Amino acid sequence: MAYKRDELLKIVKEENVSYIRLQFSDMLGTIKCVEIPSSKLKDALDNKIMFDGSSIEGFVRIKEADMYLHPDLDSFLILSFEDLRYGKVARLICDVYDPSGNPFQGDPRYILKRQIEKMHELGISDFQVGFEPEFYLFKNDENGNCNMEVSDRGSYFDMSPIDGANECRREIALELEKLGFEIELSHHEVGPGQQEINFKYGSALETCDRIQTFKQIVKNIARKHNLTATFMPKPVYKLAGNGMHTNCSLWDKDGNNIFFDENDPMQLSDVARRFMSGILNHARALAAICNPTVNSYKRLVLGYEAPVYACWSDANRSSMIRIPAARGKATRTEVRNVDPMANPYLALACILAAGLEGIKDNVEIIPPVYDNIFELTREEREEKGIKNLPENLKDAIKELKRDKLLREVLGEHTYKKYVLAKELEWEEYRVLVTPWELSKYL
């Protein structure tokens with residue numbers, strides 16, 4: 001909803017809001033916030049609230065510490081799920097600026113905005129995105145700590161009593177609706193304790209803001225039910241992993257979905273095919289952003305409906321990009337390798353940039369794959385030009401370091417800090433002695 005400054009001040013006063021959270025995301029997608037009393041809201045709306053950027057992952061050095069928060073008025077929400085004992089709490093999502101009054105180059109939200117502007121320069125009006133986030137619910141012990149026991153023994157589309165998390169999932173959906181989310185479906189997923197709640201698609205920036213709010217609400221409501229919610233890609237060995245399928249479409253200024261072509265046998269435009277081809281050309285490097293953790297690659301393995309190969313199809317769920325059956329305004333590409341640990345702003349910025357390169361450079365269209373890719377030999381896959389996605393974070397970062405486009409998208413500041421952070425993460429994992437090694441070799 002679009003708010004004006006005076007209107008916002010009036011709402012805060014009439015609703016007796018006591019505190020305002022000024023939220024932003026760090027490089028890794030973690031939500032950060034500065035909380036102010038409502039009496040300081042005018043200062044916030046004048047962009048006068050400052051914070052120390054040197055303590056935030058992927059931000060600035062000590063000598064460049066001061067950063068300013070510029071609230072996005074359209075992101076104002078009263079957080080109905082918060083404890084009201086100390087008064088109502090509202091939030092504003094902010095853009096980060098440097099002391100010179102310029103957008104901070106390392107702000108993930110700004111990085112996405114920059115790519116959206118490049119899209120507009122090509123005459124494309126809107127990048128519409130719908131996320132499908134999955135998460136697990138685990139029981140807590142008497143001290144409120146996660147004991148890694150799944151919340152139920154349900155499976156895909158099961159109902160209670162088998163689906164023991166039904167009430168928690170329903171409360172999450174109802175809370176989201178209070179905050180203006182249009183819930184499309186809510187159901188038990190394949191793994192025991194695994195859930196999925198989908199909300200309506202929207203413009204890319206708005207959808208990223210929403211997925212950050214979604215994660216916050218899921219974790220808070222789960223805690224009320226004495227459960228721990230996790231978006232970790234593969235929390236339990238041999239159980240289905242958590243994905244975040246990312247549905248994308250491009251629209252013109254007249255409100256037409258330019259991925260749809262009623263005269264094509266698949267009713268799919270060349271723009272859509274080149275958009276996908278651009279993404280597939282950068283698939284191995286994109287993994288470093290869309291699958292950003294060591295754990296991400298334990299999801300991207302055979303046998304769990306997670307993609308392992310960089311290809312597309314309208315019928316093959318083993319492919320990295322799938323075209324759902326719906327056409328017309330609902331025509332879209334479903335990028336299936338993205339997981340919920342990805343920073344949504346960076347993931348969409350990189351996906352959009354790769355797709356736009358495919359359109360702008362008129363790249364060779366990669367044909368769809370209808371074979372069962374899992375049954376093809378490596379030689380047969382190579383003959384068809386089907387690449388493997390990286391098998392681990394180390395290989396993904398190697399691919400990112402070779403990719404000039406994604407380096408440009410991230411900008412030198414974020415690119416260098418991101419690569420360093422992920423190389424340190426891999427090194428920490430590499431030298432760790434795991435319980436598996438102890439049981440195997442001790």
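One structure accompanies this document, and this report is about it. (Residues numbered from 1 in each chain as written. Predicted model: local features only at pLDDT ≥ 70, side-chain atom pairs only at ≥ 80, totals over all residues. Heavy atoms only, no water.)

## Thoughts on the side chain of Gln 115
Assignment of secondary structure puts Gln 115 in helix H3 (residues 108–121). Judged by relative accessible area, which is 4%, Gln 115 ranks as buried. (Helix = DSSP H or I, 4+ residues; strand = E, 2+ residues; numbered from the N terminus. Buried < 20%, exposed > 50% of the residue type's maximum accessible area, 1.4 Å probe, protein only.)

## Points about the pairing of strand S13 (residues 244–251)
Most of S13 is tucked away: 8 of the 8 residues are buried. Going residue by residue along S13, you find Met 244, Thr 246, Cys 248 and Leu 250 tucked away on one face and His 245, Asn 247, Ser 249 and Trp 251 tucked away on the opposite face as well. Pairing between strand S7 (residues 126–140) and S13: 8 bridges, direction antiparallel. When the bridges of S13 are listed, Glu 132 appears paired with His 245. Judged from the 3 bridges that link them, S13 and strand S16 (residues 333–335) form a sheet pairing that is antiparallel. (Pairing = 2+ DSSP bridges.)

## Some details on the packing of helix H5 (residues 204–224) against helix H8 (residues 344–360)
One way to put it is that H5 packs onto H8 with a least axis distance of 9 Å and a crossing angle of 150°. Taken together, the axes of H5 and H8 lie roughly antiparallel to each other. As for the relative orientation of H5 and H8, their crossing is right-handed in sense. Across from Ala 204, Leu 205, Cys 208, Asp 209, Ile 211 and Gln 212 in H5, the residues of H8 making contact are Pro 344, Tyr 345 and Leu 348. Its residues placed into classes, the contact of H5 with H8 shows 7 nonpolar, 1 polar and 1 charged. (Axes fitted to C-alpha atoms, helices over the stretch in contact; angles between N-to-C directions. Parallel < 35°, antiparallel > 145°, perpendicular 65-115°, else oblique. Left-handed = near helix turned anticlockwise from the far one by under 90°. Contact = heavy atoms within 4.5 Å. Nonpolar A, V, L, I, M, F, W, Y, C, P; charged D, E, K, R; others polar.)

## A short note on the environment of Lys 440
Note that Lys 440 resides in helix H12 (residues 435–441). Judged by its relative accessible area of 53%, Lys 440 falls in the exposed class. Sequence-wise, Lys 440 and Ala 347 are 93 residues apart; in three dimensions their C-alpha atoms are separated by 37 Å.

## Considerations on the pattern of salt bridges
Under the definition given, this model contains 26 salt bridges. Note that Glu 412 and Arg 407 form a salt bridge whose closest N and O atoms lie 2.7 Å from each other. Assessed through its relative accessible area of 39%, Glu 412 is described here as partly exposed. In this structure Arg 407 comes out as partly exposed when scored by relative accessible area, which is 30%. A single salt-bridge network, built from bridges that share partners, covers Asp 72, Asp 95, Arg 109, Lys 113 and Asp 209. (Salt bridge = Lys/Arg side-chain N within 4 Å of Asp/Glu carboxyl O.)

## Remarks on the packing of aromatic side chains
Each pair of aromatic rings is reported with the distance of its centres and the angle of its planes. Within this structure, the stated rule accounts for 12 aromatic pairs. Measuring from centroid to centroid gives 5.1 Å for Phe 181 and Phe 199, while their planes differ by 85°, and the two rings are edge-to-face. Of this pair, Phe 181 sits in the loop between helix H4 (166–178) and strand S9 (183–188) while Phe 199 sits in strand S10 (residues 194–199); the two residues are 18 residues apart in sequence, bridging distant segments of the chain. Summarising the burial analysis for this pair, Phe 181 and Phe 199 share the class buried. Note on Phe 259 and Phe 275: the rings are 5.2 Å apart at their centroids and 55° apart in plane angle, and the pair reads as tilted. (Phe/Tyr/Trp six-rings, centres within 6.5 Å; stacked < 30°, edge-to-face > 60°.)

## Let's talk about the nonpolar core
Counting residues in hydrophobic clusters, the biggest one holds 93 residues, and the most contacted among them are Phe 127, Phe 214, Leu 250 and Leu 400. Considering every element that reaches this core, the biggest residue donor is H8, with 12 residues. Contact partners of Phe 127, with chain neighbours within four places excluded, come to Met 119, Gly 202, Ser 203, Ala 204, Cys 248, Ser 249, Leu 250, Phe 275, Leu 348 and Leu 352. Within the second largest apolar cluster, 23 residues are counted, among which are Leu 8, Ile 11, Leu 45 and Val 96. (Core = buried A, V, L, I, M, F, W, Y, C linked by side-chain atoms within 4.5 Å.)

## With respect to the side chain of Asp 339
Relative to the assigned elements, Asp 339 resides in the loop between S16 and H8. In this structure the side chain of Asp 339 is engaged in a polar contact, spanning 2.8 Å, whose partner is the side chain of Ser 296. A polar contact of 2.9 Å, which involves the side chain of Asp 339, links it to the backbone nitrogen of Met 341. Those residues within four positions of Asp 339 in sequence are excluded, and the remaining contacts are Pro 233, Asn 242, Gly 243, Met 244, Cys 290, Asn 291, Pro 292, Ser 296 and Arg 299. (Polar contact = N/O pair within 3.5 Å; in protein donor to acceptor, adjacent residues only side chain to side chain.)

## Things to note about helix H6 (residues 270–281)
Helix length check: H6 (12 residues) gives 16 Å between terminal C-alpha atoms against 16 Å at 1.5 Å per residue, within 8%. All buried positions along H6 are accounted for by Ala 272, Arg 273, Arg 274, Phe 275, Met 276, Ser 277, Gly 278, Ile 279 and Leu 280. (Expected span 1.5 Å × (residues − 1).)

## Things to note about the pairing of S7
Working note: regular strand, side chains alternate between the two faces of the sheet. With 14 of 15 residues buried, S7 lies mostly within the body of the structure. Pairing of S7 with strand S11 (residues 202–203), which is carried by 2 bridges, proceeds in the antiparallel orientation. Its bridge partner lying in S11, Gln 128 is registered against Ser 203. Sheet analysis places S7 next to S10, joined by 3 bridges and oriented antiparallel. What sits directly across from Phe 135, in S10, is Gln 195. The pairing of S7 with strand S12 (residues 227–230) spans 4 bridges and is antiparallel. Bridge pairing links Tyr 136 to Thr 230 in S12. The pairing of S7 with strand S8 (residues 146–150) spans 2 bridges and is antiparallel. Bridge pairing in S8 links Asn 140 to Cys 146.

## A few points about unusual backbone geometry
The backbone of Met 148 sits at a positive phi, close to 65°, despite the residue not being glycine. Mapped onto the elements, Met 148 comes out in strand S8. Since its relative accessible area comes to 46%, Met 148 is described here as partly exposed. One non-glycine residue, Asn 226, lies in the positive phi region at around 60°. Tracing the chain through its elements places Asn 226 in the loop between H5 and S12. Overall, Asn 226 belongs to the partly exposed group, its relative accessible area being 38%.

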